[in-house]
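Read off the chains here:
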Amino acid sequence: MPGHVKLGKAGEPDPDPAPYLVVTLEMKREFALKPYDPKKSYWCPDGKHGYMESMLESDDGTKAVVTCGHEVNNFKKSYQMWQQKALMWWFSILQKKTFKSEEVGQVNPPKFEMCEDMANLTFLNDASVFYNLKVRYQAKLIYTYSGLFCIVVNPYKRFPIYSQTVVKMYLGKRRNEVPPHLWAITETAYRNMLTNTKDQSMLITGESGAGKTENTKKVISYLAMVAAPKKKAGADAKKASLEDQIVATNPILESYGNAKTSRNDNSSRFGKFIRIHFTTSGKLCGCDIESYLLEKSRITQQQEVERSYHIFYQLLQPAVPDMKPKCLLTDDIYDYTFVSQGKVTVASIDDNEELEYTDAAFDCIGFTHEEKWDCYKITAAVMACGQVEFKQKGRDDQAELDDMGFPNKIAELFGCNPLELFKAFCKPKIKVGTEWVTKGQTCAQATNGVGGIARACFDRLFKWLIIKCNDTLIDPTMKKANFTAVLDIAGFEIFEYNGFEQISINFVNEKLQQFFNHHMFVVEQEEYVAEGIDWAMVDFGMDLAACIIMFEKPMGIWAILEEESLFPKATDKTFEDKLKAQHLGKSPPF
């Protein structure tokens, strides 16, 4: 990745993390010289979905008149040697604009420039928040607090702020004693768990590409470093340590659960809740993972600029020499329709190197040789399912296999008899009453059946991988007391074409946001009122509750979708008609 700051090699000191964490004295002196009027310095909209500084001329409570370009005017005064024409041109830049009073907000005093915690800002408005995040990001300070929250702006580069040197900086420190960092939040959760003997959870949320999965990995690596039990001597010394095994789950889960989307080259297409267990003394004793909403539709179709799961493209790489003969693979990815509908390579990802990491991770976690190769073979079979072709039998609509090349490979990889396997697609048995009846299938129905089984196989394989990882990530000799957990939900995105999984992901994200708003703001305000504090209730973004209700209520979108799924002859059109009949003109968000 361009812009990486490399960590020191063995025996060399790590790069100094201070420039990426702390505001320097030179910066603070520069901020103190910034022109500022405590009564007239205001933010106003710039017409480009952002804000610009201006000078307030008047505000009657409804409309505010501001002068934009006052910084240019100050600059102009110090250059009196300029010709008259140049001066007139500068004057022409000054503009008076009128906005609604609620659209403008006061600029904070210079001492709050690059503020570490935005809850301390004198004037808390959208423009001040965005400006503070922007100037910190431009200074390579990617972490900023906002009260209880830590906001991270993805630099798309690796900064040297995750080394052992930085671990020592944050170990045992309170949040206000060190610069903003994800590890300060992690350290707080860890210490609270030990002090209060209560389980702790961290929610990492944001849109696709925001860096949720990367930050989840950093949380896990920090806990693994600070709470690792002592190495055992003797026969067990050669065995991979528990903390190494926990970190080694990442390559496997990323290979089978991450893909390229239109906005992110390595997007997690599933949600995960990772519990890291500790003993009463705070030593690491295990980990377990729960997964949510794997995007199965991506297995059989992708948009033009997207790619399917990374593992499909890794299998065709030379890092594991006997991969292709054992998995009956060809050399060309375009021989596999299911995984070649969009991009087949990603500039920022080396599939060959990633296959090495995945293969090593299987061995590190403790998969047997047979289990590892069964995973590879099932994955290869899912790829090959897209090449199964059916033809119409005579004048009937009955489907039958056309060419047996790929069906034979698929059956061998699945460990099945090819004729029995594909007979189930062409002439499936259904139960009518107490008897089993053979049902004929058209070519389209049989093809859909193959796609459905391919998606189901991959989904079950992914869930089995997580179960297998969980079995190996618990040390049975150590007693679990409490856990610190991380919830990493897949990113909110709105594509040109939004499938069922993406709408479900967006719905879950919105539910989480409303849950957070309710518990962090609404409940807190209710407590103020209960304690007799003079407080005017403020609405903190509960405006999307109506949309959630539209999905969840009886005869809402989810209920209608489930009802239509039970009808054998239901189509997209019948689903659309029911939605319109139930919600058009009746539900405001529809």
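Computed from a predicted structure; not experimentally measured.

Novice: What exactly am I supposed to notice about the sheet that holds strand β11 (residues 271-278) here?
Specialist: What links the strands of a sheet is backbone hydrogen bonding, and the strands pair in either a parallel or an antiparallel sense. Read from one edge to the other, the open sheet built from 4 strands follows the order β8-β17-β11-β12, with strand pairing classed as mixed. Every interior strand has two partners, whereas the edge strands, β8 (200-204) and β12 (284-292), have only one. In this sheet, adjacent strand axes meet at a mean angle of 15° when their direction is disregarded. Judged from the 8 bridges that link them, β11 and β12 form a sheet pairing that is antiparallel. Bridge pairing links Phe-273 to Glu-290 in β12. Against the sheet, helix α6 (residues 182-196) contacts β8, β11 and β17 (482-488), and its axis sits at roughly 160° relative to β8.

Novice: I would appreciate a short explanation of the nonpolar core in the present structure.
Specialist: Where a protein is soluble and globular, its nonpolar side chains tend to be buried together. Core analysis: the biggest nonpolar cluster contains 94 residues, and Tyr-256 and Tyr-376 have the highest contact counts within it. Here the element with the most residues in this core is helix α15 (residues 443-472); it accounts for 9 residues. Ignoring any residue separated from it by four or fewer positions in sequence, one finds Tyr-376 in contact with Tyr-256, Ile-311, Leu-315, Met-323, Cys-327, Leu-355, Thr-358, Asp-359 and Phe-362. Grouped together as the second largest cluster of nonpolar side chains are 8 residues, Cys-44, Cys-68, Phe-99 and Val-104 included.

Novice: Where do I start with a nonpolar patch on the surface in this structure?
Specialist: Where nonpolar side chains cluster on the molecular surface, the patch consists of Val-529, Ile-533, Trp-535, Met-537 and Val-538 and spans about 430 Å² of accessible area. Relative to the helices and strands, Val-538 is located in the loop between α16 (500-530) and α17 (545-552). The exposure class of Val-538 is partly exposed, given its relative accessible area of 39%.

Novice: How should I be thinking about the pairing of strand β15 (residues 429-432) in this particular structure?
Specialist: In regular strands, side chains alternate between the two faces of the sheet. Here 4 bridges tie β15 to strand β16 (residues 435-438), and the two strands are oriented antiparallel to one another. Residue pairing for β16: Ile-430 is matched across the bridge by Val-437.

Novice: When you look at the sheet that holds strand β1 (residues 41-45) in this model, what are you seeing that I'm missing?
Specialist: With respect to topology, 5 strands assemble into an open sheet ordered β4-β3-β2-β1-β5, the strand pairing being antiparallel. This sheet does not close on itself; its edge strands, each paired only once, are β4 (95-100) and β5 (105-106). Judged from the 6 bridges that link them, strand β3 (residues 63-68) and β4 form a sheet pairing that is antiparallel. Paired with Cys-68 across the two strands is Gln-95, which belongs to β4.

Novice: Got a minute to help me understand the pattern of salt bridges in this structure?
Specialist: Opposite charge on two side chains permits them to pair, given that their charged atoms come into close proximity. In this structure the tally under the stated criterion is 29 salt bridges. The partner of Lys-272 in a salt bridge is Asp-488, and the shortest N-O contact between them spans 3.0 Å. Note that Lys-272 is positioned in strand β11 and Asp-488 in strand β17, a separation of 216 residues in sequence. Here Lys-272 and Asp-488 have matching classes, each one buried. It is possible to trace a salt-bridge network through shared partners that takes in Arg-158, Glu-214, Lys-217 and Glu-254.

Novice: What should I look at first to understand the pairing of strand β7 (residues 149-152) in this one?
Specialist: In this structure, strand β6 (residues 143-146) lies alongside β7, joined through 4 bridges in antiparallel fashion. Note on β7: the bridge partner recorded for Tyr-145 is Cys-150. The turn joining β6 and β7, which pair antiparallel and follow one another in sequence, is formed by 2 residues; a positive phi near 65° is taken by Gly-147.

What counts as what
- Each chain carries its own residue numbering, running from 1 in the written order of its sequence.
- Where totals are concerned, whole chains, interfaces and linings use all residues; where local detail is concerned, this predicted model gives features only for residues with pLDDT of at least 70, and gives and counts side-chain atom pairs only at 80 or more.
- To get the side-chain values, take all heavy atoms of the structure and skip hydrogens and water.
- What makes two strands pair is DSSP finding at least two bridges between them.
- A run of H or I in DSSP counts as a helix once it spans at least four residues, and a run of E counts as a strand once it spans at least two, with each numbered from the N terminus.
- In this analysis an axis means a line fitted to C-alpha atoms, helices contributing only their contacting stretch, and an angle means the value between N-to-C directions, from 0 to 180 degrees.
- Whether two residues are in contact is decided by their heavy atoms: any pair within 4.5 Å suffices.
- To form a nonpolar core, buried Ala, Val, Leu, Ile, Met, Phe, Trp, Tyr and Cys residues must be joined to one another through side-chain atoms within 4.5 Å.
- A simple rule labels every residue: compare its accessible area, found with a 1.4 Å probe on the protein chains alone, to the largest value its type can have, and call it buried under 20%, exposed over 50%, or partly exposed in between.
- Residues with no salt bridge and a relative accessible area higher than 30% make up the patches, which join like charges within 9 Å and nonpolar side chains (Val, Leu, Ile, Met, Phe, Trp, Tyr) within 5 Å.
- Accessible areas in this description were obtained via Shrake-Rupley with a 1.4 Å probe; residue shielding takes into account the shown protein chains only.
- What counts as a salt bridge is simple: a side-chain nitrogen of Lys or Arg found within 4 Å of a carboxyl oxygen of Asp or Glu.

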